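# Observations on chain architecture
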Amino acid sequence: MMSYTAVYARQFHDQLMELPDSLYERIEHSIDVILGNPGLLRDYDPPYEAAIPPVECKWYYVPSTYKVIYVTIDEPANQMRFLFLGDTREDPLHRFDRMDKS
């Protein structure tokens, strides 16, 4: 199976650049892992309407951190678009308030 190509949304990239080096490295490692193993991604289907993101997506919890990566997959283009870097400490009812809607 081929690996996917990563495409970072501007917001995701900006979020990454704000992180301390150790956390940045863990997230980049997780991105490398899921690009080659998309089966590790889970459909994001929250149990309450207020936590639904503006786009249908998948998610991946970054081990040993409090970060969650939200991704969409473009099968024909063989790309994963990294949309948003969430934080498990955030209020789930307002998790996507800061997410770009474009």
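See above for the structure.
Now for a quick tour of the structure. Since we're looking at a predicted model, the values are computed, not measured.

## Some remarks on the nonpolar core
One broad rule of soluble globular proteins: the nonpolar side chains tend to lie buried together. Core analysis: the biggest nonpolar cluster contains 18 residues, and Phe12, Ile27, Ile69 and Phe82 have the highest contact counts within it. Sorting the residues of this core by element identifies α1 (10-17), α2 (21-36), β4 (67-74) and β5 (79-87) as the ones contributing at least two each. With 5 residues, α2 is the largest single contributor of residues to this core. Leave out the neighbours within four places in its chain, and Phe82 touches Ala6, Val7, Tyr8, Ala9, Phe12, Ile31, Ile34, Leu35, Ile69, Tyr70 and Val71. Counting 7 residues, the second largest nonpolar core, distinct from the first, contains Tyr44, Cys57, Val68 and Phe84.

## Digging into unusual backbone geometry
Even without being glycine, Ser64 reaches a positive phi, approximately 60°. When you line up the elements, Ser64 lands in the loop between β3 (58-61) and β4. Take Ser64: its relative accessible area is 62%, and that puts it in the exposed class.

## A word on the pairing of β4
Two elements, β3 and β4, share 4 bridges in a ladder whose sense is antiparallel. What sits directly across from Tyr61, in β4, is Val68. The hairpin formed by β3 and β4 contains 5 residues between the paired strands, and Ser64 there has a positive phi angle of roughly 60°. Across 8 bridges, the pairing between β4 and β5 is antiparallel. The partner of Val68 across the bridge, within β5, is Gly86. Between β4 and β5, which pair antiparallel one after the other, the connecting turn spans 4 residues, and Asn78 there sits at a positive phi close to 55°.

## Things to note about the pattern of salt bridges
According to the stated counting rule, one finds 2 salt bridges in the structure shown. For Lys58, the salt bridge goes to Asp43, with nearest N and O atoms at 2.5 Å. Placement of the pair is Lys58 in strand β3 and Asp43 in strand β2 (residues 42-43), with a sequence separation of 15 residues. Owing to a relative accessible area of 26%, Lys58 belongs among the partly exposed residues under this scheme.

Procedures and definitions
- Every chain is numbered independently, its residues counted from 1 as its sequence is written.
- Owing to the predicted nature of the model, reporting of local features is limited to residues with pLDDT of at least 70; listing and counting of side-chain atom pairs is limited to 80 or more, with chain, interface and lining totals taken over all residues.
- Heavy atoms from the whole structure form the basis of all side-chain values; hydrogens and water molecules are not counted.
- As used in this record, nonpolar core signifies buried Ala, Val, Leu, Ile, Met, Phe, Trp, Tyr and Cys residues forming a set joined through side-chain atoms within 4.5 Å.
- Relative accessible area decides the class of each residue, using a 1.4 Å probe on protein chains only: under 20% of the type maximum gives buried, over 50% gives exposed, and in between gives partly exposed.
- Helix numbers and strand numbers start at the N terminus; a helix is a DSSP run of H or I with at least 4 residues, a strand a run of E with at least 2.
- It only takes one pair of heavy atoms within 4.5 Å for two residues to be counted as in contact.
- Pairing between two strands requires that DSSP report at least two bridges joining them.
- In what follows, salt bridge is the name for a side-chain nitrogen of Lys or Arg lying within 4 Å of a carboxyl oxygen of Asp or Glu.

This is a description of form; function is not addressed.
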